[in-house]
Amino acid sequence: MSRNYFHLHLVSDSTGETLINVSRAAAAQYQGVASIEHIYPLIRNHDQLDRVIAGVRSSPGIVLYTLVDGELGARLEQACAEIGAPAISVLAPVLGIFQSYIGPASSPKPGAQHVLNADYFKRIDALNYTMMHDDGQSAVDLENADVVLLGVSRTSKTPTSIYLANKGIKTANVPLVPGVPIPDVVENLRKPLVIGLFASPDRIVQIRQNRLLSLNASQESSYVDRDAVAEEVNQSRRLFAQRGWATIDVSRRSIEETAAAIMDLYRDHRLQFIAEG
């Protein structure tokens, strides 16, 4: 049946982050169809599940859930079948493969992936470092970074840095400003992976124009002049090539895609750094 929207119920006994990512990846395949998300996090008892079932009944649609409590999952599926709403456990197929290979889970536990372990504190440490080293701040200790990003204004340095920090990667970013030399410390970095980000001049001009509009600033500036921007980009690419730094074209990449490419490069860089000892 043709439709331009549908209701999507996401039911989780934890934060719902897994469901949100999976459902949005699937929904993105349907252009022109919008999903109306109903998110129910931390559903861990029958009273809480009553609220979910009432929501599905009032706005029938697709139901995705991650509930490790089998009784809650079975009750939700039964209610959805009565309502006529398709429901599926997103984790069930994955857990089935795990169980067939390594046996039953030792202790099913809601939100087990969000424990305060070493990885969690590593991410917090990375976020703190990244926020303190945004946009060229605190350049004196860049050697402690895992990754250093360089690029002209509006090449997604800050959001990419924050995304990487959430993965536990300490990331600093340094802007390239016309007429301003880069800090000497950047030239001599050994441990961090240095990556140059660039985009097409047209793309950068578009983003900068939108930025100026949001600030109610004048559009009469070399900041958004296409020829001036093209020269900025060319100078940055010459700098990257002269220093032998890896580069990534972010013109048509999402933040997630750029970060994935950086993490790939970082894995190789780290192995090489360890090998050289």
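Criteria and thresholds
- Residues numbered from 1 in each chain as written.
- Predicted model: local features only at pLDDT ≥ 70, side-chain atom pairs only at ≥ 80, totals over all residues.
- Heavy atoms only, no water.
- Pairing = 2+ DSSP bridges.
- Helix = DSSP H or I, 4+ residues; strand = E, 2+ residues; numbered from the N terminus.
- Right-handed = clockwise from strand over helix to strand, strands pointing away.
- Core = buried A, V, L, I, M, F, W, Y, C linked by side-chain atoms within 4.5 Å.
- Buried < 20%, exposed > 50% of the residue type's maximum accessible area, 1.4 Å probe, protein only.
- Salt bridge = Lys/Arg side-chain N within 4 Å of Asp/Glu carboxyl O.
- Polar contact = N/O pair within 3.5 Å; in protein donor to acceptor, adjacent residues only side chain to side chain.
- Contact = heavy atoms within 4.5 Å.
- Expected span 1.5 Å × (residues − 1).
- Arc of directions from axis to C-beta.

1. Looking at the pairing of strand 2 (residues 34–40)
Moving on, step 1. Inspection of the sheet shows strand 1 (residues 5–12) paired to strand 2 by 7 bridges, in the parallel sense. What sits directly across from phenylalanine 6, in strand 2, is serine 35.
Moving on, step 2. Chirality of the crossover, the property in question, places the unit of strand 1, helix 1 (residues 17–27) and strand 2 among those that are right-handed.

2. Points about the nonpolar core
Moving on, step 1. Membership of the largest hydrophobic core comes to 36 residues, with the highest contact counts inside it found for Leu142, Val148, Leu150, Val186 and Trp245.
Moving on, step 2. Listed by contribution, the elements that provide at least two residues to this core are strand 5 (147–151), strand 6 (171–175), strand 7 (193–198), helix 8 (201–214), helix 9 (226–243) and helix 10 (255–276).
Moving on, step 3. At 5 residues, helix 10 tops the list of elements feeding residues into this core.
Moving on, step 4. Listed in part, the 15 residues of the second largest apolar core include Tyr40, Leu49, Tyr65 and Ala79.

3. Quick look at the pattern of salt bridges
Note on pairing: side chains with opposite charge can pair once their charged atoms come close.
Moving on, step 1. Counted by the stated rule, this structure contains 9 salt bridges.
Moving on, step 2. With a closest N to O distance of 3.3 Å, lysine 170 and aspartate 125 form a salt bridge. With a gap of 45 residues between them, lysine 170 in the loop between helix 6 (157–165) and strand 6 and aspartate 125 in helix 5 (residues 118–132) connect regions that are remote in the sequence.
Moving on, step 3. Overall, the relative accessible area of 23% leaves lysine 170 in the partly exposed class.

4. Quick look at the side chain of serine 251
Moving on, step 1. With respect to the helices and strands, the residue serine 251 is situated in the loop between strand 8 (246–249) and helix 10.
Moving on, step 2. One polar contact links the side chain of serine 251 to the main-chain amide nitrogen of serine 200, over a distance of 2.8 Å.
Moving on, step 3. Among the polar contacts listed, one links the side chain of serine 251 to the side chain of aspartate 249, at a separation of 2.6 Å.
Moving on, step 4. When near neighbours in sequence (up to four residues on either side) are disregarded, serine 251 contacts Phe198, Ala199, Ser200 and Arg203.

5. A few points about helix 5
Moving on, step 1. Compared with an ideal rise of 1.5 Å per residue, which puts 15 residues at 21 Å, helix 5 spans 21 Å between its outermost C-alpha atoms and is within 8% of the ideal.
Moving on, step 2. Of the residues making up helix 5, those classed as buried are Ala126, Tyr129 and Thr130. Angularly, the buried residues of helix 5 cover 95° about the axis, an arc narrow enough to put them on a single face.
Moving on, step 3. In this structure, the buried residues of helix 5 make contact with helix 6 and strand 6.

6. Observations regarding the side chain of asparagine 173
Moving on, step 1. Within the element layout of this structure, asparagine 173 appears in strand 6.
Moving on, step 2. The exposure class of asparagine 173 is buried, given its relative accessible area of 1%.
Moving on, step 3. Looking at asparagine 173, its side chain comes within polar contact range of the main-chain nitrogen of aspartate 135, at 2.9 Å.
Moving on, step 4. A polar contact is formed between the side chain of asparagine 173 and the side chain of serine 161, at a distance of 3.4 Å.
Moving on, step 5. Discounting chain neighbours no more than four positions away, the residues touching asparagine 173 are His133, Asp134, Asp135, Gly136, Leu149, Lys157, Thr158 and Ser161.

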